[in-house]
Amino acid sequence: QRQMCIRDRCDFIRNCKRNRNRERTGERMKTLSAREYLGQLQELDTNINQDLERLDDMKINACSTGAIDYSKDRVQTSPSGDTLCKQVTNYVAFNDKINAEIDSFADAKEQIIKEIRGLRDKNYVQVLYKVYVQYKTVKQASKEMKKCYNYTVELHNKALAAFEKTYQNLHYLM
């Protein structure tokens, strides 16, 4: 796995301390419904894709030097305003942050897949996997499963209820 940057480690340690303090004081973390819990994967994936787009923009901005106006008098500039170095440093730091997010996403996806498969009902597993791991609609899932749409909606709701019953303390993954 990729190495977490120092800021991410600090955030992780801070969150662990916060959670321990909550447990000590009796404050409960918000529990999620199965739909909210499983839906986190798509949200995390979207966030990573948006960050990758931002990273591309940062790269383009760092690589573009701009136009040079040769009609003006030449003036010696000071080295203190080295924006290229700052942009490259920001790019590398943001890239490391994204890599840490991708690693966390992969771990979260693996955990959710294991939990879905832990239901042991093949229809429940199939519908939840298609909807929450492959990001398909229930209608698409019903077509692929060769089931009636109304039956698939009912199956999806039963699968969510079974998931909540099996895993009662659902929380935010990241």
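Everything discussed here concerns the structure shown above.
Residues numbered from 1 in each chain as written. Predicted model: local features only at pLDDT ≥ 70, side-chain atom pairs only at ≥ 80, totals over all residues. Heavy atoms only, no water.

Draft legend 1. Representation of the packing of helix α2 (residues 34-63) against helix α4 (residues 122-133) within the structure. Between α2 and α4, the shortest axis-to-axis distance is 8 Å and the interhelical angle comes to 50°. Taken together, the axis directions place α2 and α4 in an arrangement best described as oblique. When α2 is examined against α4, the residues Arg35, Leu38, Gly39 and Leu41 are found in contact with a partner set consisting of Leu128, Tyr132 and Val133. Class assignment of the residues belonging to the contact of α2 with α4 gives a composition of five nonpolar, one polar and one charged. (Axes fitted to C-alpha atoms, helices over the stretch in contact; angles between N-to-C directions. Helix = DSSP H or I, 4+ residues; strand = E, 2+ residues; numbered from the N terminus. Parallel < 35°, antiparallel > 145°, perpendicular 65-115°, else oblique. Contact = heavy atoms within 4.5 Å. Nonpolar A, V, L, I, M, F, W, Y, C, P; charged D, E, K, R; others polar.)

Draft legend 2. Quick look at the environment of valine 131. In this structure, valine 131 sits in helix α4. Look at valine 131 and you get buried, because its relative accessible area is 11%. A sequence separation of 10 residues divides valine 131 from alanine 141, and the C-alpha atoms of the two residues are 6.9 Å apart. Setting aside chain neighbours within four positions, we find valine 131 in contact with Lys136, Thr137, Val138, Ala141 and His156. (Buried < 20%, exposed > 50% of the residue type's maximum accessible area, 1.4 Å probe, protein only.)

Draft legend 3. Quick peek at unusual backbone geometry. Positive phi outside glycine occurs at tyrosine 135, with the angle close to 60°. Locating tyrosine 135 in the fold gives a position in the loop between α4 and α5 (138-145). Despite not being glycine, lysine 146 has its phi angle at roughly 60°, a positive value. Its place among the elements puts lysine 146 in the loop between α5 and α6 (149-166).

Draft legend 4. Main features of the packing of aromatic side chains. Applying the stated criterion to the full structure yields two aromatic pairs. Here the aromatic rings of tyrosine 37 and phenylalanine 163 are separated by 5.9 Å at their centres, their planes lie at 35°, and the arrangement is tilted. Of the two residues, tyrosine 37 sits in helix α2 while phenylalanine 163 sits in helix α6, which places them 126 residues apart along the sequence. Aromatic pair phenylalanine 163 and tyrosine 167: ring centres 4.9 Å apart, planes at 50°, arrangement tilted. (Phe/Tyr/Trp six-rings, centres within 6.5 Å; stacked < 30°, edge-to-face > 60°.)

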